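Coordinate analysis (summary)
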Amino acid sequence: IRSGNPKNISKFFIDNIDLKVIEQADVYSKEQAEMILKDFFSKHPVKSYTVAHKSDPKNGSQYVIGTLETANGKFRTYFLIKTTGTQSLIQLFRIETENE
């Protein structure tokens, strides 16, 4: 997330991810989700990213909440990671305005 590189993020997505980027929300293919993130990061260049809270892994799931600071303001991020065997993939990914 710090790099603002959608390809680096989407390689950790499950095949059909629950994605919300500001007002755009649905279940998207990994490729569609990458394009949505590419559009977001082109309009909102990343300045910094900090993790505000991270849960302990439980039953193969873990969530991370963070603050994404961009050239156009701050956004709250939330993602859910599911671990199956040795593979950990992002099942849900959200970028929301701070006041949501």
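Everything below is about the structure printed above this text.
Residues numbered from 1 in each chain as written. Predicted model: local features only at pLDDT ≥ 70, side-chain atom pairs only at ≥ 80, totals over all residues. Heavy atoms only, no water.

1. A few points about the packing of aromatic side chains
- As enumerated under the stated definition, the model contains five aromatic pairs in all.
- On the basis of an interplanar angle of 55° and a centroid distance of 5.7 Å, the ring pair of Phe13 and Phe93 is categorised as tilted. With Phe13 in strand 1 (residues 13-21) and Phe93 in strand 6 (residues 87-97), this residue pair connects regions lying 80 residues apart in the sequence.
- For Phe93, a relative accessible area of 1% gives the class buried. (Phe/Tyr/Trp six-rings, centres within 6.5 Å; stacked < 30°, edge-to-face > 60°. Helix = DSSP H or I, 4+ residues; strand = E, 2+ residues; numbered from the N terminus. Buried < 20%, exposed > 50% of the residue type's maximum accessible area, 1.4 Å probe, protein only.)

2. Some thoughts on helix 2 (residues 30-43)
- Taking 1.5 Å of rise per residue, 14 residues should cover 20 Å, and helix 2 covers 20 Å from first to last C-alpha, within 8% of that figure.
- Within the span of helix 2, buried status applies to Ala33, Glu34, Ile36, Leu37, Phe40 and Phe41. Taken around the axis of helix 2, the buried residues stretch over an arc of 165°, which confines them to a single face. Opposite the packed face of helix 2, turned more than 90 degrees from it, sit the exposed residues Glu31, Met35, Lys38 and Ser42. (Expected span 1.5 Å × (residues − 1). Arc of directions from axis to C-beta.)

3. Describing the sheet that holds strand 5 (residues 73-84)
- On the basis of which strands lie adjacent, the open sheet formed by six strands has the order 2-1-6-5-4-3 and mixed pairing. If you trace the sheet from one side to the other, it starts and ends with strand 2 (24-29) and strand 3 (46-54), each paired once. Averaged over all neighbouring strand pairs, the angle between strand axes comes to 20°, with direction disregarded.
- For strand 3 and strand 4 (residues 61-70), the ladder comprises seven bridges, and the chain directions are antiparallel. Note that in strand 4 the partner of Val51 across the bridge is Gly66.
- In the packing of helix 2 onto the sheet, contacts are made with strand 1, strand 2, strand 3, strand 4, strand 5 and strand 6, and the angle to strand 1 comes to roughly 35°. (Pairing = 2+ DSSP bridges. Axes fitted to C-alpha atoms, helices over the stretch in contact; angles between N-to-C directions. Contact = heavy atoms within 4.5 Å.)

4. Considerations on the pattern of salt bridges
- Considering all chains together, one arrives at four salt bridges under this definition.
- A salt bridge links Asp39 to Lys43; the shortest N-O distance between them is 3.2 Å. Taken as a pair, Asp39 and Lys43 lie in helix 2 at a separation of four residues, close to a single helical turn.
- The closest approach of N and O atoms between Glu96 and Arg76, which form a salt bridge, is 2.7 Å. One end of the pair, Glu96, is in strand 6; the other, Arg76, is in strand 5, and 20 residues separate them in sequence.
- A relative accessible area of 10% means that Glu96 is categorised as buried.
- Taken together, the shared-partner salt bridges connect Lys20, Arg76 and Glu96 into one network. (Salt bridge = Lys/Arg side-chain N within 4 Å of Asp/Glu carboxyl O.)

5. Structural notes on the pairing of strand 4
- Turn length for the strand 3-strand 4 hairpin, with the two strands adjacent in sequence and antiparallel, is six residues, and the turn residue Asn59 shows positive phi of about 50°.
- Sheet analysis places strand 4 next to strand 5, joined by ten bridges and oriented antiparallel. Note on strand 5: the bridge partner recorded for Ser61 is Lys82.
- Between strand 4 and strand 5, which pair antiparallel in sequence order, lie two residues.

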